[in-house]
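# Fold and contact review
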Amino acid sequence: MTSKSSAYADPGVESSSAPDAVISLQHVVHRYENRTALNGVSFDVRAAELFGLLGPNGSGKTTLFRILSTLMFPTAGRAVVMGCDASEDAARLRRQIGVVFQAQSVDPKLTAYENLWHQGHLYGLRGPSLNTRISEMLTRVGLADRAKERVETFSGGMQRRIELAKGLLHRPGVLLLDEPTTGLDPGARRDLWQYLQMLRDEEHVSVLVTTHLMEEAERCDRLAIMNEGNLVALGTPAELKSEIGGDVVLLEAAHDAARLADDIRARFDVHTTVIDNQVRIERPGGHRFVTDVVEAFPGGIQAISVSKPALEDVFIRRTGHKFWSENGDAPQPS
Ligand code: ADP
């Protein structure tokens, strides 16, 4: 098995804040009574970056999101957003951020315009400048022609776009979104991601988005991968995947996976890992390798797959276990 201690030793963490950091987390710890949800997490988010926080359930994403959005203080360490410390300067920090929570925050009985009007008032916007800003935002999210309709008549994707417009109404430099595509159909998911990319490119907003979906994480400029309160990897999706040399070979043993792994290791001098009764090997030229293995162990292998490295493989390499356990949940801490 991949050793956990070595896996956590080098997630590529920046120990001090980069000069262009808009979010800087420095050794952030959070404990709920005796449970440690964040175990000294450090990383930076840079200006105009689409940054993903990827992790299975229970990895600490929501806890970190709540600290950044000033709903909770960290137990130890510092969380700084656009120069404002989340523990010492929460009121000023709140003006710098737009937040889109997982739970719906729009009022379905109000029109799109009314929802934004109330939001504007909360931020001290008034009169003609608020009117202009509402029109601007509704145009931006493609709903200008629906301004006077009640939000309850909108599709899930349209309601999410109103949430986004609310979050951006006061022109924040940083937008925080907690699993924003939950409950959306594939078309609405794609639209939302395109919109986030447009925000980054045209408005230079820095976006931090939490997700447990690999395909969404692939769309981010950089990623922090979390597991059980630890940062286990940090980098661009391409950088992270490139740490896996070559292909990923998965073998299902006809009998005993641990025994097959030992035999393969002895015969081919390769590193093997056994996870969920499968033998896992990373190596270049995977297709040639499987031919050799099948010839070497006739009848010993039931199924084989060879694939290019994916983010899931990065997670496995860094933690020694799969992103999701067999029952669909994150593995429980041992
Ligand atoms: P994620 O968002 O990645 O699913 P969370 O931040 O919600 O992770 O949870 C991280 C850990 O903290 C989990 O072990 C979870 O059970 C625990 N936790 C979260 N909220 C609370 C709470 N209010 N009280 C006690 N433990 C909590």
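See the structure printed just above.
For every chain, the first residue of its written sequence is number 1, and the numbers climb from 1 along that sequence. With pLDDT at 70 or above as the cut-off, local features in this predicted model cover only qualifying residues; side-chain atom pairs require 80 or more to be listed or tallied, and sums for whole chains, interfaces and linings still use all residues. The side-chain values count all of the structure's non-hydrogen atoms but skip hydrogen atoms and water molecules.

This part covers the overall build of the chain. From N to C terminus, the chain includes 12 helices and 14 strands. Projected onto the principal axes, the alpha-carbon positions of the chain cover approximately 80 × 40 × 35 Å. When a residue's accessible area, from a 1.4 Å probe over protein chains only, is under 20% of the maximum for its type it is buried; when over 50% it is exposed; and in between it is partly exposed. The buried share among the 334 residues of the chain stands at 48%. Whether two residues touch is decided by their heavy atoms; if any such pair falls within 4.5 Å, the residues are in contact. Long-range pairs, those at least 24 residues apart, make up 70% of the contacts in the chain with a sequence separation of at least 6. None of His or the chain ends enter the tally, which takes Lys and Arg as positive and Asp and Glu as negative. Just so you know, the charge point we use is NZ for Lys, CZ for Arg, CG for Asp and CD for Glu. Separation between the mean location of the 37 positive side-chain charges and that of the 44 negative ones in the chain comes to 4 Å. Strands are runs of DSSP state E lasting at least two residues, helices are runs of H or I lasting at least four, and both sets are numbered from the N terminus onward.

Residues L138, L164, L175, L177, Y195, L196 and I225 are the most contacted members of the largest nonpolar core, which totals 46 residues. The greatest single-element share of this core, amounting to six residues, is contributed by helix α7 (residues 186–203). If we skip the residues at most four places from it in the chain, L138 touches A112, L116, L143, A144, A147 and I162. Residues grouped as a nonpolar core are buried Ala, Val, Leu, Ile, Met, Phe, Trp, Tyr and Cys residues, joined through side-chain atoms within 4.5 Å.

Contact geometry of helix α6 (residues 156–168) with α7 gives a least axis separation of 10 Å together with a crossing angle of 20°. Taken together, the axis directions place α6 and α7 in an arrangement best described as roughly parallel. For the element pair α6 and α7, the recorded crossing hand is right-handed. Residues G157, R160, L164 and L168 of α6 form the contact with α7, whose participating residues are A188, L192, Y195, L196 and L199. Under this grouping Gly is polar, as are all residues other than the nonpolar Ala, Val, Leu, Ile, Met, Phe, Trp, Tyr, Cys and Pro and the charged Asp, Glu, Lys and Arg. Per-class residue counts for the contact of α6 with α7 are seven nonpolar, one polar and one charged. Simply put, an axis is a line fit to the C-alpha atoms, just over the touching stretch for a helix, and the angle between two N-to-C directions goes from 0 to 180 degrees. In these notes the angle categories are as follows: under 35 degrees is roughly parallel, over 145 is roughly antiparallel, 65 to 115 is roughly perpendicular, and the rest is oblique. Each crossing gets its handedness from the near helix: less than a right angle anticlockwise from the far helix is left-handed, clockwise is right-handed.

Turning our attention to the side chain of T210. With respect to the helices and strands, the residue T210 is situated in strand β8 (residues 206–211). A polar contact is formed between the side chain of T210 and the backbone nitrogen of E179, at a distance of 2.9 Å. Excluding anything up to four places from it in sequence, T210 contacts L53, K61, F65, L177, D178, E179 and P180. For the purposes of these results, a polar contact is taken to be a pair of N or O atoms within 3.5 Å, where, inside protein, one atom must be able to donate a hydrogen and its partner to accept one; residues adjacent in sequence count only when each atom of the pair is a side-chain atom.

Further remarks concern the pattern of salt bridges. Take a side-chain nitrogen of Lys or Arg and a carboxyl oxygen of Asp or Glu: if they are within 4 Å of each other, that pair is a salt bridge. Taken as a whole and judged by the stated rule, the model has 20 salt bridges. For K322, the salt bridge goes to D276, with nearest N and O atoms at 3.8 Å. Highlighted residues: K322 in the segment after α12 (311–319) and D276 in the loop between β12 (273–275) and β13 (278–283), separated in sequence by 46 residues. For K322, a relative accessible area of 24% translates into the label partly exposed.

Strand pairing is defined by DSSP finding a minimum of two bridges between the two strands. Read from one edge to the other, the open sheet built from four strands follows the order β12-β13-β11-β14, with strand pairing classed as antiparallel. Every other strand in the sheet has two partners, leaving β12 and β14 (301–307) as the edge strands with one partner each. The sheet shows a mean angle of 25° between the axes of neighbouring strands, taken without regard to direction. Relative to β14, strand β11 (residues 247–253) runs antiparallel, the two being bridged by six bridges. Bridge pairing in β14 links V248 to S307.

Below, the discussion takes up the site of the ligand. Near, as used in this document, describes a residue that has one of its heavy atoms within 4 Å of the molecule or strand being considered. Within the structure, the ligand sits among Y32, R35, A37, P56, N57, G58, S59, G60, K61, T62 and T63. Between the ligand and the protein, one listed contact pairs an oxygen atom with a backbone N or O atom of G58 at 2.7 Å. For the area figures, the Shrake-Rupley method with a 1.4 Å probe applies, and any residue is considered shielded solely by the protein chains shown. Compared with its free state, where it exposes 560 Å², the ligand has 62% of that area covered by protein. When contributions to the shell around the ligand are tallied by element, the ones reaching two or more residues are β2 (35–46) and α2 (61–68). In terms of residue count, α2 provides more of the shell around the ligand than any other element does, three residues in total.

Strand order in the open sheet formed by four strands is β2-β1-β4-β5, with antiparallel pairing between adjacent strands. Each of the sheet's edge strands pairs with one partner strand only, and the pair in question is β2 and β5 (84–85). Examined bridge by bridge, strand β1 (residues 21–32) and strand β4 (residues 76–81) share five bridges and lie antiparallel to one another. What sits directly across from S24, in β4, is V80. Each of β1, β2 and β4 is contacted by α2, which is oriented at about 120° to β1, the strand it contacts most.

The next point concerns the pairing of β8. The buried count for β8 comes to six of six residues, which makes it a mostly enclosed element. Alternating residues of β8 divide into S206, L208 and T210 and V207, V209 and T211, and every residue in both groups is buried. Pairing of strand β3 (residues 50–54) with β8 involves five bridges; the strand directions are parallel. Bridged to F51 within β8 is L208. The handedness rule is simple: strands pointing away from the viewer, and a clockwise path from the first strand over the helix to the second, make the crossover right-handed. On the question of chirality, the crossover connecting strand β7 (residues 174–178) to the parallel β8 by way of α7 is right-handed.

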